[in-house]
Each structure stands twice: as C-alpha cells, then as structure tokens.
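# Structural overview for review
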Amino acid sequence: MSRTGEQLTATEMGKLWASYLGNSMGACTIGYFLKHVDDPDIKKILEFALDLSHDFTRTIKKIFEENDFPVPVGFKEEDVNWEAPRLFYDEFYLHYLQYVGKAGMSIYSVGIPLITNTAIRDFIVHCLHETTRLMMMVNDLLKAKGRLENAPSVTSPRRIDYVDKQSFLKGYFGDVRPLHGLEVAHLFGCINNDVTSKALMLGFLQGAKTEKVKNYFKRGIRLNQKHIDKLSAKLNEDNLPAPSLLDHLVTPSKIQVFSEKLMMFHKIDMFSMKIREYANGASLNGRRDIGAMYTKCQIDVSLYVEDGANIMIDHAWMEQPPLMIDRGIKK
C-alpha cells in the first residue's frame, strides 16, 4: 500500500490504532495456544488465525510509517511466558477465537462506511472478509465436534401475523408474550461471550501476581456469572436452554503466562465490546423487561471498564489513542 497523499482521518487513525493493538495482543495469545495444542484440526485454525494477526499488524504498521504516524507499542513476545505449561484445553481455543473474532468483525464492519481513503477501506474490507472466513471455520469445527452453542431450533410460525396489542411490549406483569427469534439470538450471543470471558478470566486470575489485578479479575468473574444468570433466566422462562459454562476447559496451572498489562488490556478491550453487544440486543428487542436488563448490564460493564482503565493508568500500561489537537478553548 503506497502513500496516497491523503492525510489520515480521525476514523482511519482510530480504527487502525485499535486494530493494531488488538491484533498484536491476538498474536501473543494465539501464539501461546499453538505451543499447547494436540488436536490437528484446531491447530490448523489457530495457525490461520495467527497468520491473520501477523498480516494485519504488518500492513497497519506499513500504513502508519508511510503516513508519519507513530507505530503503537502494542504487545510483543516479552508479554508472554513461552515456557509456561498449558493453561487451557484444546476446545477452549475454538470458543476463544469465536469470542475475539466477533469483536474484530465489529471493529471492521463499523469502520467500512466511515473510511474514505480507498486503499485503507480496501484493507479493512479484507480484514473483515478474512475474519469472517475464520469465524466460519471455527463454527464449522465446533459443529462437527458437537460443541457449537447455538440457539435452539423452534417450530416455524404457520402464517404471517401483525402485532395488534400493546401487550407485545410488556415484560413484567400480565400478558407477557414469549421471546421472538432476534431476542433469543442476542441472549444466546451475549451469554456465549460471558461464558468464554469468565473462563478466560479464571485462567488469568490463576497467574496474576498484583493484588489489585487479582481483585479486578475476581470481580469480573462474579460480574460475568451475574450476567450469565440474568440472561439465562430469560431463556429458561420460555423453556429454552442456555449456553453451558466453559470453566472446565481451564487447567489448574498457576504459572503466569501473560503479562498483567496484556491481561488487563484484554479484559478491558473485550468488556468494552460487550457494551456494544448489549446495545445490539436492546436495539432488536421488543420487551420492556429485556430492554431494562440490557441497560443494567451496560451500566455494570461501563463501571467495570472504567475501574480497569484506572488500574492500567496507575501502572503506566495504557497507551493513549490518537487525540485531536487541544485548542485550549474548553473550560
């Protein structure tokens, strides 16, 4: 990609910066997973995912250098203890890739209509396309292994119908309707995020050394479980199953694998994405009780992310994203 002469826009700076940090982190976690994998099919997908992370970071670095933009530090080999024993079992790697893949697709898809530099837009389209390929590979393998946590099949409606009562919006008392398909889909998606997040944090907690970081992960595990319980209850009320926990896919190892900087960034980054997931669920929901539940979950997560950012700042672990010029006008 050659220099176009166009100055990077705020959107292009922000999306490329976030993608660089996320993929440099992904290269560290996936690279470590590849040191401890037995299943040849899972290994192939991990190798594909690692190649994507390296490809994306190399291209973004080149764009930054060609536009005289400082390349972020991100995460490097020293953020991983490569000699540490296995922390997760093979199946977890597929759930993890599903978890972070959705976050990557979210960044890329939102950026495409906002990016005006043709070369950068084409690159982001490429990132989305390749990440979509990865997600399809992961889901196909989970399905083949009977481990895909998908929304249940339900009976198709017999006819087209229209909403003719305000009770369609109720959710607390009286004539509360069953969930519709989009509500089920987003409840399932959010629970899947939370069960993977909880298992990942269990592994992180086992190797954490700093007391503040340990307490932060403990709080995050409790928060994940709280949201799993809330969202699962909505499915159970309609006699629908909820995704299962993945805690059993964490080994007992207490050897620190990742730097605390990487672990803290990972959880803040993914919890920030969770805010968008809850917002998506709320936007396609039609019941007041579910909307209120998503709002409470968003508040929980927002406060958690802010507290995590303060820990990162206190330890000088947080890289500053690109800021606009301070004109000295604001009070």
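Since the model is a prediction, treat every value here as computed from it, not as a measurement.

## Comments concerning the overall build of the chain
Within the chain, the regular secondary structure consists of 8 helices and 0 strands. Along the chain, helices and strands appear, N-terminal first, in the series α-α-α-α-α-α-α-α. Since a compact globule built from 331 residues should have a radius of gyration of about 20 Å, the 21 Å found for the chain is in line with a globular shape. Overall, the C-alpha framework of the chain stretches about 60 × 50 × 45 Å when taken along its three principal axes.

## A few points about the pattern of salt bridges
Counting across every chain of the model gives 13 salt bridges. With a shortest N-O distance of 2.9 Å, Asp194 and Lys274 are connected by a salt bridge. One end of the pair, Asp194, is in helix H5 (residues 181–207); the other, Lys274, is in helix H7 (residues 260–283), and 80 residues separate them in sequence. One exposure class covers both Asp194 and Lys274, and it is buried. One connected set of salt bridges, linked through shared partners, spans Asp38, Arg86 and Asp90.

## A word on the packing of helix H6 (residues 211–237) against H7
Axis separation between H6 and H7 bottoms out at 12 Å; the angle between their running directions is 25 degrees. As far as their axial angle goes, H7 and H6 are roughly parallel. The hand of the H6/H7 crossing is left-handed. Taking contact as the criterion, the partners of Val213, Tyr216, Phe217, Gly220, Leu223, Asn224, His227 and Leu231 in H6 are, on H7, Glu260, Met263, Met264, Lys267, Ile268, Phe271, Lys274 and Tyr278. Its residues placed into classes, the contact of H6 with H7 shows 10 nonpolar, 3 polar and 3 charged.

## Regarding the side chain of Asn224
Secondary-structure assignment places Asn224 in helix H6. Residue classification places Asn224 among the buried residues on the basis of a relative accessible area of 1%. Ignoring anything within four residues of it in the chain, the contact list for Asn224 reads Asp194, Ser197, Lys198, Met201, Phe271 and Lys274.

## A word on unusual backbone geometry
Glycine aside, the phi torsion of most residues is negative, and most peptide linkages are trans. Positive phi outside glycine occurs at Asn239, with the angle close to 60 degrees. Relative to the assigned elements, Asn239 resides in the loop between H6 and H7. For Ala316, which is not a glycine, the phi torsion comes out positive at approximately 60 degrees. Considering the arrangement of structural elements, one finds Ala316 in the segment after helix H8 (288–314). The exposed category is assigned to Ala316, whose relative accessible area is 69%.

## Let's talk about the state of the cysteines
Applying the stated criterion across every chain yields a total of 0 disulfides. Not engaged in a disulfide, the cysteine Cys28 finds its nearest cysteine sulfur in Cys127; these two sulfurs lie 18 Å apart. Judged by its relative accessible area of 1%, Cys127 falls in the buried class.

## Focus on the environment of Phe33
You can see Phe33 is positioned in helix H1 (residues 10–35). On the accessibility criterion, Phe33 (0% relative accessible area) is buried. Taking the C-alpha atoms as reference points, Phe33 and Asn23, 10 residues apart in sequence, are found 15 Å from one another.

## Quick word on the nonpolar core
Among the nonpolar cores identified, the biggest contains 96 residues, and Leu46, Leu97, Phe217 and Met264 are the most heavily contacted of them. Counting residues per element, the ones that place at least two in this core are H1, helix H2 (40–66), helix H3 (90–111), helix H4 (118–144), H5, H6, H7 and H8. Not counting chain neighbours up to four residues away, the residues in contact with Leu97 comprise Ile30, Ile45, Leu46, Ala49, Leu134, Met135 and Val138.

## A few points about the side chain of Arg86
Following the sequence through the fold, Arg86 ends up in the loop between H2 and H3. Of note is the side chain of Arg86, whose polar atom sits 2.9 Å from the backbone oxygen of Phe88.

## With respect to H4
Taking 1.5 Å per residue as the helical rise, H4 with its 27 residues ought to reach 39 Å, and the 39 Å between its terminal C-alpha atoms agrees with that figure. Taken as a whole, H4 has its buried residues at Ile120, Phe123, Ile124, Cys127, Leu128, Glu130, Thr131, Leu134, Met135, Val138, Leu141 and Leu142. Among the structural elements, H1, H2 and H3 are those in contact with the buried residues of H4. With a side-chain oxygen lying 3.0 Å from the backbone nitrogen of Ala119, the N-terminal cap of H4 falls on Asn117. A positive phi of about 70 degrees marks Gly146, the residue just after H4.

Conventions adopted
Residues numbered from 1 in each chain as written. Predicted model: local features only at pLDDT ≥ 70, side-chain atom pairs only at ≥ 80, totals over all residues. Heavy atoms only, no water. Helix = DSSP H or I, 4+ residues; strand = E, 2+ residues; numbered from the N terminus. Rg over C-alpha atoms; globule rule 2.2 N^0.38 Å. Salt bridge = Lys/Arg side-chain N within 4 Å of Asp/Glu carboxyl O. Buried < 20%, exposed > 50% of the residue type's maximum accessible area, 1.4 Å probe, protein only. Axes fitted to C-alpha atoms, helices over the stretch in contact; angles between N-to-C directions. Parallel < 35°, antiparallel > 145°, perpendicular 65-115°, else oblique. Left-handed = near helix turned anticlockwise from the far one by under 90°. Contact = heavy atoms within 4.5 Å. Nonpolar A, V, L, I, M, F, W, Y, C, P; charged D, E, K, R; others polar. Disulfide = S-S within 2.5 Å. Core = buried A, V, L, I, M, F, W, Y, C linked by side-chain atoms within 4.5 Å. Polar contact = N/O pair within 3.5 Å; in protein donor to acceptor, adjacent residues only side chain to side chain. Expected span 1.5 Å × (residues − 1).

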